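Topology and contacts: notes
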Amino acid sequence: MNKEIRHLHHTLVDLVGLMNQPQRDSALLQEAGVDLDRALFPLLVGIERKGPIGVVELAGRVGRDYTTVSRQVAKLESLGLVVRSASKGDRRVREAKITAQGRKVARLVDAARERIAAVLFANWSKHDLQDLARLMRRFTDDLSTFASRDRQ
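This structure is a prediction, so every number in the text was calculated from the model and none was measured.

Cut-offs and rules
- Residues numbered from 1 in each chain as written.
- Predicted model: local features only at pLDDT ≥ 70, side-chain atom pairs only at ≥ 80, totals over all residues.
- Heavy atoms only, no water.
- Phe/Tyr/Trp six-rings, centres within 6.5 Å; stacked < 30°, edge-to-face > 60°.
- Patch = residues over 30% accessible without salt bridge, like charges linked within 9 Å, V, L, I, M, F, W, Y side chains within 5 Å.
- Areas by Shrake-Rupley, 256 points an atom, 1.4 Å probe, with all protein chains shown as cover.
- Salt bridge = Lys/Arg side-chain N within 4 Å of Asp/Glu carboxyl O.
- Lys, Arg positive; Asp, Glu negative; His and termini not counted.
- Charge placed at Lys NZ, Arg CZ, Asp CG, Glu CD.
- Helix = DSSP H or I, 4+ residues; strand = E, 2+ residues; numbered from the N terminus.
- 1 Å grid on protein atoms, 1.4 Å probe; cavity = no way out; pocket = protein on both sides within 12 Å on 5 of 7 lines; lining within 4 Å.
- Points joined across faces, edges and corners; volume = space filled by probe spheres on them.
- Buried < 20%, exposed > 50% of the residue type's maximum accessible area, 1.4 Å probe, protein only.

Looking now at the packing of aromatic side chains. By convention here, two paired aromatic rings are described through the distance between centres and the angle between planes. Using the criterion set out here, one finds 1 aromatic pair in the structure. Aromatic side chains Phe121 and Trp124 sit 4.9 Å apart centroid to centroid with 85° between the ring planes, which places their arrangement in the edge-to-face category.

Here it is in structure tokens:
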């Protein structure tokens, strides 16, 4: 099993490296026809997918400093893509929520991602793609459970 774990780790390091390349986000935004600072893009997507979400949690999800994310969310708010308000559960926490305009931008990006994925997966069978999605979800869920256990 050690050989497989090593291989998986190397593959994940390669994947994370590819996913974190700035030009990847720039190309996706260009394909979507969206004029948005590349640094704001992952935050908008995170808010759209996980919102309403507090800035501290969002910062943790994107691996950035809280103060940086707070400034960037303020920029998204000034662009009309998100709104911030007090959390219903804890009034001390300010949560970001996507606006209708933010949803429109996210839909454009999603459509661009699908066009890019269609090219990327053109030679994959439907079954292989379903297996990849299923196994990635299982791995992510298990990793999340393991990480939650470590924080306790």
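After that view, the rundown keeps rolling.
Where like charges cluster on the molecular surface, the positive patch consists of Lys88, Arg91, Lys97, Arg103, Lys104 and Arg107. Ranked by residue count, the leading element in the positive patch is helix H6 (residues 100-120), at 3 residues. Within the secondary structure layout, Arg91 lies in the loop between strand S2 (82-86) and strand S3 (94-98).

Roughly 2700 Å³ of volume is contained in the largest pocket. Around the largest pocket, the lining is made up of 46 residues, and of these Leu15, Met19, Arg24, Met136 and Thr140 lie nearest the centre. Where the lining of the largest pocket is concerned, the elements lending two or more residues are helix H1 (2-19), helix H2 (22-32), helix H3 (41-50), helix H4 (55-62), H6 and helix H7 (126-151). Looking at the lining of the largest pocket element by element, the count peaks at 13 residues for H7.

Here we take up the pattern of salt bridges. When their charged atoms lie close together, side chains carrying opposite charge are able to pair. Here the structure, examined in full by the defined rule, presents 9 salt bridges. Salt-bridge contacts for Arg61 lead to Glu57; the nearest nitrogen and oxygen are separated by 3.4 Å. Linking Arg61 with Glu57, this pair stays in helix H4, spanning 4 residues, or about one helical turn. Between Arg134 and Asp131 there is a salt bridge whose closest N-O contact spans 3.5 Å. Of the two residues, Arg134 and Asp131 both sit in helix H7, 3 residues apart, roughly one turn of that helix. Overall, the relative accessible area of 23% leaves Asp131 in the partly exposed class. It is possible to trace a salt-bridge network through shared partners that takes in Glu48, Arg49, Asp110 and Arg113.

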